[in-house]
Amino acid sequence: MTQFMDEIEEILKPLVLTNQQLGEIEALLLQSFNEGLRKDTNPVAPVKMFPTFVRDVPDGKEKYAEGKYMALDLGGTNFRVLLLELNGDKFHLDSEVYAVPEIIMHGTGEQLFDHIASCISDFMKQRKVIQYRIPLGFTFSFPCKQEGLTSARLTQWTKGFKCTGVEGEDVVQLLRDAIDKRPDIDVDVMAVVNDTTGTLMSCALKNRECRVGLIIGTGTNACYMETLENVELFSEDFPDVNQVVVNTELGAFGDNKVLNFIRTNWDEEVDTTSLNRGKQLFEKMISGMYLGETVRCILVDLCQKKLLFNGQPSDKLMTPKAFQTAYVSAVESDKEDDYNMTRQVMSAIDHRAATLLDCDVVKMVCKRVSTRAAHLVSAAVATILNKMKRPHTTIGVDGSVYKFHPHFHDLMVAKISELVDQNYTFNLMLSEDGSGRGAALVAAVATKQEHRRKVSLEQMGLYVPPRDGVNRKNSRLELDELVAKINRTNINIT
Ligand code: GLC
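Residues numbered from 1 in each chain as written. Predicted model: local features only at pLDDT ≥ 70, side-chain atom pairs only at ≥ 80, totals over all residues. Heavy atoms only, no water.

Concerning the overall build of the protein chain
How we decide: Every helix listed is a DSSP run of H or I at least four residues long, and every strand listed is a run of E at least two residues long, numbered separately from the N terminus. When a residue's accessible area, from a 1.4 Å probe over protein chains only, is under 20% of the maximum for its type it is buried; when over 50% it is exposed; and in between it is partly exposed. Shrake-Rupley sampling with a 1.4 Å probe provides the accessible areas, and residues are treated as covered by the protein chains on show and by no other component.
Looking only at helices and strands, one finds 15 helices and 13 strands in the protein chain. Residues counted as buried form 58% of the 494 residues belonging to the protein chain. For the protein chain, the accessible surface area stands at approximately 21100 Å², while carbon and sulfur atoms represent 51% of it.

Okay, here's the thing in structure tokens:
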């Protein structure tokens, strides 16, 4: 039996990364970061290092304009609408999850944004706020080139989305167009942020040392605070502030083949059947959209080698995506000689007759795949910490894999500690609903800034304020145009 398990270990060996390999990965990632940051190499660099227009983290002293704010969160498995009410030091968050059917995820951009607008309308009716014009923060968790706080051009879809007519377009404009088609709702899109930025902002509100936002969910990505002189693509002139949050889009690390020395045939198989072949290769070894599928490919391979399930995979196991990433977390929550969850997963994939040995093999495959993911993401975090050179940094983390996998956090803490320069310390902080809450916060700050701008416009005789905050679609466009002309949208939370 040990001989049999040794044979399995040998087959799974390519999934075990040594610290030397992780060190090589760190060096390559740092090189990719630098290529993304430099103007001459950025066009061909796979890791795009998009500057956001967020220039500081909250210091806890700022006063947000009191009132209601909304946030939209699009990018994971579900779409969410949130309502945040700020009242002095108190705030109240209310949210609703809406499904985005696959037919919409793969349909036209117009259908997608019409669906979003209809969810906003439904939510505002339910919460009885439809009569108001509410400032809104939009968390759009895909790679975007930002041209301002309210402008984000999608460079390419990632994860499960593939809507036509959106790549190359400004998603805030598409959202506004969809909202403008509806007579019943009126919202003010004040900011668009990536989920990593939202996570960084909401964690920084509670922890002053937070400078990195990390997502390990359906997709994987990180943002961090970078000094301006390293960001050649950011030309905004803001003399007092010498830093900007950079959305790395590190999920695309390896798209230029530099990671081929660690990629396995199973990774190749997962990539071949994905929506975006050859893209997001680092993400495909780490995130929730792919971990379960990687495990499934390995299990099928072991069946074909007659080392599992008596060599006979069920139809279910042969079905792409049938082994969910949640099953990986479930299997690994069983202790060494406990099989309760593993047995349930065996039933779910139509292998009720699995032997104890089969269960042990499945447990080992899950462990190898998730540990590799945790080690790869740790190498990425260590690269960022070593680049930032701060004595202590808090990393705000969100995402289903990090939250629900029983050992991911501990694996990461142990591995980052081994990889990071010993002069730097760190802690991983779970973000509570960071991506949505962060967008609402950015919207609140932007609202306060726009309020200041309106006051100065008013003093210059350029703007006549409405008497109340009610739904008034026509006045908004004029103001937007005027404000855009006079002031390029920027944000500086201090
Ligand atoms: C994908 C997206 C990225 C997002 C990440 C986590 O990598 O491209 O923008 O932050 O998923 O949701």
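Re the confidence of the model for the protein chain
Counted only if it meets this: pLDDT is a residue-level measure of predictor confidence that goes from 0 to 100. In this description, contact between two residues means that some pair of their heavy atoms is separated by no more than 4.5 Å.
Averaged over all residues, the pLDDT of the protein chain is 89; the fraction at 70 or higher stands at 88%. Segment residues 474–494 is flagged for pLDDT under 50; beyond a separation of four residues in sequence, or across chains, it makes 49 contacts in the model.

Observations concerning the site of the ligand
We apply this condition: Nearness of a residue to a molecule or strand requires only that one of the residue's heavy atoms be within 4 Å of it. Nitrogen and oxygen atoms within 3.5 Å of one another constitute a polar contact, given that in protein one can donate a hydrogen and the other can accept it, and given that sequence-neighbouring residues count only through two side-chain atoms.
In the neighbourhood of the ligand, 14 residues make up the surrounding shell, with Lys159, Asn194, Asp195, Glu249 and Glu283 lying closest. Note that an oxygen atom of the ligand is positioned 3.3 Å from one of the backbone N or O atoms of Phe142. Between Glu283 and the ligand, the recorded distance is 2.4 Å, taken from a side-chain N or O atom to an oxygen atom. Against a free-state accessible area of 310 Å², the protein chains account for coverage of 98% of the ligand.

Quick notes on helix H7 (residues 265–272)
The condition is simple: Directions from the helix axis toward the C-beta atoms define the arc.
When we look at burial in H7, the residues that qualify are Trp266, Asp267, Val270 and Asp271. Projected down its long axis, H7 carries its buried residues within an arc of 140°, all on one side. Elements that come into contact with the buried residues of H7 comprise helix H1 (2–12), helix H8 (288–304) and helix H11 (356–388).

Things to note about the side chain of Arg390
Here Arg390 lies in the loop between H11 and strand S12 (392–398). What Arg390 contacts, discounting residues up to four positions off in sequence, is Glu209, Arg211, Leu385 and Tyr424.

Things to note about the nonpolar core
Worth spelling out the cut-off: In this description, a nonpolar core means a group of buried Ala, Val, Leu, Ile, Met, Phe, Trp, Tyr and Cys residues linked to one another through side-chain atoms lying within 4.5 Å.
Judged by nonpolar contacts, the single largest core of 112 residues is most densely connected at Ile216 and Met412. Apart from the residues within four sequence positions on either side, Met412 is in contact with Leu214, Ile216, Ala374, Val377, Ser378, Val381, Tyr402 and Leu428.

Some words on the sheet that holds strand S9 (residues 210–216)
Each strand in a sheet pairs with another by means of backbone hydrogen bonds, the pair being arranged parallel or else antiparallel. What counts is decided by this rule: Two strands qualify as a pair provided that DSSP identifies no fewer than 2 bridges between them.
With mixed pairing, 6 strands are arranged side by side in an open sheet as S1-S11-S10-S9-S12-S13. At either margin of the open sheet sits one strand with a lone partner, and together these are strand S1 (50–51) and strand S13 (425–430). Across 5 bridges, S9 lies against strand S10 (residues 220–227) in antiparallel orientation. Its bridge partner lying in S10, Gly213 is registered against Cys223.

Structural notes on unusual backbone geometry
Phi at Met49 is positive, roughly 50°, even though this residue is not glycine. Residue placement: Met49 occurs in the loop between helix H2 (19–37) and S1. When its relative accessible area of 1% is taken as the criterion, Met49 is described as buried. At Lys128, a residue that is not glycine, the phi angle is positive and equals roughly 55°. Tracing the sequence through the fold places Lys128 in the loop between helix H4 (109–126) and strand S5 (134–140).

Things to note about the packing of aromatic side chains
What counts here: Each aromatic pair joins two rings of Phe, Tyr and Trp (for Trp, the six-membered one) with centres within 6.5 Å, and gets the label stacked for planes under 30 degrees apart, edge-to-face for over 60, and tilted for any other angle. Placement of a positive charge over a ring is assigned whenever Lys NZ or Arg CZ falls within 6 Å of the ring centre and within 35 degrees of the normal to the ring plane.
Per the counting criterion, the structure on display carries 11 aromatic pairs. A centroid spacing of 5.2 Å and a plane angle of 65° characterise the contact between Phe253 and Phe282, whose relative ring orientation is edge-to-face. Highlighted residues: Phe253 in the loop between strand S11 (243–247) and H7 and Phe282 in the loop between H7 and H8, separated in sequence by 29 residues. Residue Phe253 shares its accessibility class with Phe282, and that shared class is buried. Taken together, the ring pairs in this structure connect Phe138, Phe140, Phe142, Trp157 and Phe161 into an aromatic cluster. Positioned above the aromatic ring of Tyr339 is the side chain of Lys363, whose terminal nitrogen or guanidinium carbon lies 4.2 Å from the ring centre.

A few points about empty space enclosed by the protein
Here is the rule we go by: Here a cavity denotes grid points, spaced 1 Å and computed from the protein atoms alone, that fit a 1.4 Å probe unable to get out, and a pocket denotes an open set having protein on both sides within 12 Å along at least 5 of 7 lines; residues with an atom within 4 Å of a point are the lining. Grid points are joined across faces, edges and corners, and a volume is the space filled by probe spheres set on the points.
For the structure on display, the rule yields 2 cavities of 30 Å³ or more. Approximately 70 Å³ is the volume attributed to the largest cavity. Around the largest cavity, the lining comprises 13 residues; the ones closest to its centre are Cys144, Gln146, Val193, Asn194 and Asn247. Among the secondary structure elements, those contributing two or more residues to the lining of the largest cavity are S1, strand S6 (144–148) and strand S8 (187–193).

A word on the sheet that holds S5
The following threshold applies: Fitting a line to C-alpha atoms yields each axis, with helices limited to the stretch in contact; the angle taken between N-to-C directions then spans 0 to 180 degrees.
Ordered by their spatial adjacency, 5 strands build an open sheet running S4-S3-S2-S5-S8, and the pairing between neighbours is mixed. With partners counted over all chains shown, the strands left at the sheet margins are strand S4 (90–99) and S8, one partner each. The sheet shows a mean angle of 20° between the axes of neighbouring strands, direction not considered. Examined bridge by bridge, strand S3 (residues 78–87) and S4 share 10 bridges and lie antiparallel to one another. In the strand pairing of S4, Leu86 is matched with Phe91.

Observations concerning the environment of Ile103
Structurally, the position occupied by Ile103 is in helix H3 (residues 102–105). The class for Ile103 is exposed, based on a relative accessible area of 68%. Separated by 60 residues in the primary sequence, Ile103 and Cys163 have C-alpha atoms spaced 9.5 Å apart.

Some points on the pattern of salt bridges
The line we're drawing: Every case where a carboxyl oxygen of Asp or Glu lies within 4 Å of a side-chain nitrogen of Lys or Arg is listed as a salt bridge.
Applying the stated criterion across every chain, the model contains 22 salt bridges. For the salt bridge of Lys125 with Asp184, the shortest nitrogen-to-oxygen distance reads 3.7 Å. Taken together, the residues Lys125 in helix H4 and Asp184 in the loop between helix H5 (171–180) and S8 connect sequence positions 59 residues apart. Residue Arg390 pairs with Glu209 through a salt bridge whose shortest N-O separation is 2.5 Å. Of this pair, Arg390 sits in the loop between H11 and S12 while Glu209 is found in the loop between helix H6 (195–206) and S9, placing the two residues 181 residues apart along the sequence.

Observations regarding the environment of Asp421
Along the polypeptide, Asp421 turns up in the loop between helix H13 (408–419) and S13. Each C-alpha atom, one on Asp421 and one on Lys389, is 8.8 Å from the other, the two residues being 32 residues apart in sequence.

Some words on the packing of H7 against H8
This is how the line gets drawn: Each angle receives one of four descriptions, namely roughly parallel if under 35 degrees, roughly antiparallel if over 145, roughly perpendicular if within 65 to 115, and oblique otherwise. Left-handed describes a crossing in which the near helix is turned anticlockwise from the far one by less than a right angle; the clockwise case is right-handed. Residue type decides the class: Asp, Glu, Lys and Arg count as charged, Ala, Val, Leu, Ile, Met, Phe, Trp, Tyr, Cys and Pro as nonpolar, and the leftover types, Gly among them, as polar.
Running from N to C, H7 and H8 point in directions that differ by 120°, and their axes come no closer than 9 Å. Of the possible angle classes, the one that applies to H7 and H8 is oblique. The two elements H7 and H8 cross, and the hand of that crossing is right-handed. Along the contact surface, H7 presents Trp266, Asp267, Glu269 and Val270, while H8 presents Tyr290, Glu293, Thr294, Cys297, Ile298 and Asp301. In the contact of H7 with H8, the residues fall into 5 nonpolar, 1 polar and 4 charged.

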